[in-house]
Amino acid sequence: MKEKNKGNTPQSKSEEIPTAITALTAHFRPATDERDATHWLTTTEVSDAIRRLDPGAAISADKVFNAMHAAGFRYGYRPGSAGIDFRWMLHEK
């Protein structure tokens, strides 16, 4: 039985989200609170950005939400918005 060349195998779908979150944390850190946030993104916006970078990415909003939460990002109410508008709070590095 032949062993696959692990160095040339495509990235598994389960690794796409952590890799995308790692790329996100290169530019942003989790905001400590609403006043600290410089950017507010919805889960859909984060998912869409990942798909723009990797059109073949098979990701779900649930996986993005869980990965963002696991990375320390907080989902909060955006002050000054009309109605309830929950988004991820990010602080640009």
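Residues numbered from 1 in each chain as written. Predicted model: local features only at pLDDT ≥ 70, side-chain atom pairs only at ≥ 80, totals over all residues. Heavy atoms only, no water.

(A) Summary view of the overall build of the protein. Secondary structure assignment for the protein yields three helices and four strands. Relative to its full complement of 93 residues, the protein shows a buried share of 32%. In the protein, once contacts between residues fewer than 6 apart in sequence are set aside, the share between residues at least 24 apart is 64%. In the structure as shown, the protein presents an accessible area of about 6400 Å², 54% of it carried by carbon and sulfur atoms. (Helix = DSSP H or I, 4+ residues; strand = E, 2+ residues; numbered from the N terminus. Buried < 20%, exposed > 50% of the residue type's maximum accessible area, 1.4 Å probe, protein only. Contact = heavy atoms within 4.5 Å. Areas by Shrake-Rupley, 256 points an atom, 1.4 Å probe, with all protein chains shown as cover.)

(B) How the structure looks around the side chain of Asp-33. In this structure, Asp-33 sits in the loop between strand S1 (28–30) and strand S2 (39–41). Residue classification places Asp-33 among the buried positions, given a relative accessible area of 19%. Polar side-chain contacts of Asp-33 include one of 2.8 Å to the side chain of Arg-35. At 3.0 Å, the side chain of Asp-33 forms a polar contact with the backbone nitrogen of Asp-36. Beyond its immediate chain neighbours, meaning those up to four positions away, Asp-33 contacts Arg-74 and Met-89. (Polar contact = N/O pair within 3.5 Å; in protein donor to acceptor, adjacent residues only side chain to side chain.)

(C) How the structure looks around the packing of helix H2 (residues 43–53) against helix H3 (residues 61–70). Look at H2 against H3: their axes get within 9 Å of each other, and the N-to-C directions meet at 100°. With respect to H3, the element H2 is oriented roughly perpendicular. Two secondary-structure elements touch here, H2 through Thr-43, Val-46, Ser-47 and Ile-50 and H3 through Ala-61, Val-64, Phe-65 and Met-68. Partitioning the contact of H2 with H3 into residue classes produces six nonpolar, two polar and no charged. (Axes fitted to C-alpha atoms, helices over the stretch in contact; angles between N-to-C directions. Parallel < 35°, antiparallel > 145°, perpendicular 65-115°, else oblique. Nonpolar A, V, L, I, M, F, W, Y, C, P; charged D, E, K, R; others polar.)

(D) The pattern of salt bridges, seen in detail. If you walk through the whole model with that rule in mind, you get five salt bridges. With a closest N to O distance of 3.3 Å, Arg-87 and Glu-45 form a salt bridge. Of this pair, Arg-87 sits in strand S4 (residues 86–92) while Glu-45 is found in helix H2, placing the two residues 42 residues apart along the sequence. Look at Arg-87 and you get buried, because its relative accessible area is 15%. We classify Glu-45 as partly exposed; its relative accessible area is 34%. (Salt bridge = Lys/Arg side-chain N within 4 Å of Asp/Glu carboxyl O.)

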